[in-house]
Amino acid sequence: MQKNFDLIIRHATVIDGTGAPRYSADIGIVGDRIAKIGDLSLSSSKNEIDLQGRVAAPGFIDAHTHDDRMMLSDPEMTPKISQGVTTIIGGNCGVSLAPMPRPIPDPVTPPLNLLDDEGSWFKFPTFASYLSALKAQPATTNRAMLVGHTTLRVAVMDDLESAATPAQIEQMKVLVSEAMQAGAIGVSTGLFYEPAVAAPTEEVIEICRPLKEFNGLYCTHMRDEADGVMDSLEETFRIGREVGVPVVISHHKLIGQKNYGRSDETLAFIQKSMAKQPICLDCYPYAAGSTVLSWSRAVTSARVIVTWSKKLPEYAGQDLDKIAEKMGVSQEEAVEKLLPAGAIYFRMDEGDVQKIMQFGPTMIGSDGLPHDASPHPRLWATFPRVLGHYRRALGLFSLETAVHKMTGLTAVNFGLADRGVLKEGAYADLTLFDDDTVDAVATYENPIALSKGIEMVIVNGEVVWDHGKATGARPGRVLSRPLTRV
Ligand code: ZN
Ligand code: CU
């Protein structure tokens, strides 16, 4: 049967995102959908790409981002589309740009300053007004957004060092309901961070109550990823059970030398608990983390690289010990002089990183910080690094599994219908890459660099990235979860 296609991708090695084995086929796209996968040798189109056996995969879904503001301030999203990402999950770690119904404190409360250290972008009084802005000025990628518990605390509480009062909990619940009604997909917490540390488990449970009605998710940067990690997993699962929703453990990791190797213990517990309730997790492919600078985090790290400093921007990209030497002060004093600032912390075990990444249910999320002057390389290179370094060079898993962890698995976990898979009728979100060359280029020393091997990226049927350049198309959409109850 002959059909008119807007775009035909010929001679593709199809990795369909479900984890199924690869096969060879042509792919025909009509509008924003995949119309046909098969032999299209009798069809033609004005737009044709001959892949000559290179890979066509679903566009990658970045399970964990802080792109809330980048979608508005840099809608081309180059760090994302250049590595094959077509959909991002935003609003993680308790940090979302909206809602902010009153002026944000000056200086901006860390870690909310990871999104904007000036404060002018925290200008959306409701979640609906934020999503309207995203729809009015589309970015290149699709996005599904969480509402952040720390943002809610800053929005309604003056004393962040205490538990929320019943009245404040009520206010936060109303904001969560409004956000879910507007199209948010769930709530995130960052219980590890100073402005949320004082929140008891019960506060989180109460403010998450509206999630059940909207089939929302609970995503968390847990209270403790170090010595107390087992208690934090327990707390996370309890919140999921009491609210009655799935949980997502964000960037699962073990911090601190004495916890190296404990992924055996955490993954066994996660696996066992998965039999009783819905649990998801993601990770980034690096043994160093990145967030706001603090001496307590720096002192427990083998190496610290400063990623930005508001007062002393010239030190971005340099190691803290070298900065202290240049200043002629202790490292602790150097931290004081640099604040507010961000940093990369080397305090994980590579063995744990690999075990967590290999664990079947683990999704890939970058946790990239797009506004850092000298960012952690995960911002530009997460997905190519998994495909090149961990899959091709180290052989941690098959290409089919690697792609599944960044596409089909993530779409199912986040409820993104007809995304993350290549099948007839699905949205035409695709990443076309060369399996022999795909790899990260960005490093800790040179963190801003295009990855290798990502040839073309297509979002909702439109090419957004073509051999090293953005095309200018901005077809990204706001995605929501279906309202079916779990
Ligand atoms: Zn986090
Ligand atoms: Cu994060």
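See above for the structure.
Residues numbered from 1 in each chain as written. Chains lettered and ligands numbered in written order. Predicted model: local features only at pLDDT ≥ 70, side-chain atom pairs only at ≥ 80, totals over all residues. Heavy atoms only, no water.

## Remarks on the nonpolar core
For step 1, the next point in the chain: Ranked by internal contacts, the top residues of the largest apolar core, which has 107 residues, are Tyr130 and Phe433.
For step 2, the next point in the chain: The element contributing the most residues to this core is helix α15 (residues 378-393), with seven residues.
For step 3, the next point in the chain: Two domains share this core, each providing at least three of its residues, namely domain 1 (4-58 + 422-437 + 449-470) and domain 2 (60-292 + 345-414).
For step 4, the next point in the chain: For Tyr130, the contacting residues outside a window of four places in its chain are Asp68, Met71, Leu72, Leu97, Ala98, Phe124 and Met145.
For step 5, the next point in the chain: Formed by 18 residues, the second largest nonpolar core is a distinct cluster that contains Val14, Ile37, Leu51 and Ala428. (Core = buried A, V, L, I, M, F, W, Y, C linked by side-chain atoms within 4.5 Å. Buried < 20%, exposed > 50% of the residue type's maximum accessible area, 1.4 Å probe, protein only. Helix = DSSP H or I, 4+ residues; strand = E, 2+ residues; numbered from the N terminus. Domains from an automatic or database assignment. Contact = heavy atoms within 4.5 Å.)

## Things to note about the packing of helix α4 (residues 149-156) against helix α5 (residues 166-182)
For any two helices packed against each other, the geometry is given by the interaxial angle and the distance between the axes.
For step 1, the next point in the chain: Packing of α4 against α5 brings their axes to within 10 Å, and their N-to-C directions diverge by 125°. As the angle between them shows, α4 and α5 are arranged oblique. Along this stretch, α4 crosses α5, giving a crossing that reads as right-handed. Here Leu152, Arg153 and Val156 of α4 come into contact with α5, specifically with Gln168, Gln171, Met172, Leu175 and Val176.
For step 2, the next point in the chain: A class-by-class count of the residues in the contact of α4 with α5 yields five nonpolar, two polar and one charged. (Axes fitted to C-alpha atoms, helices over the stretch in contact; angles between N-to-C directions. Parallel < 35°, antiparallel > 145°, perpendicular 65-115°, else oblique. Left-handed = near helix turned anticlockwise from the far one by under 90°. Nonpolar A, V, L, I, M, F, W, Y, C, P; charged D, E, K, R; others polar.)

## A few points about the sheet that holds strand β13 (residues 288-292)
For step 1, the next point in the chain: As summarised here, the arrangement of the three strands in space is β13-β15-β14, forming an open sheet in which the pairing is antiparallel. A single partner strand is all that each edge strand has here, and the edge strands are β13 and β14 (303-309). On average, adjacent strands in this sheet sit at an angle of 20° to one another, irrespective of strand direction.
For step 2, the next point in the chain: Pairing geometry for β13 and strand β15 (residues 341-346), over five bridges, is antiparallel. Within the sheet, the bridge partner assigned to Val292 lies in β15 and is Gly342. (Pairing = 2+ DSSP bridges.)

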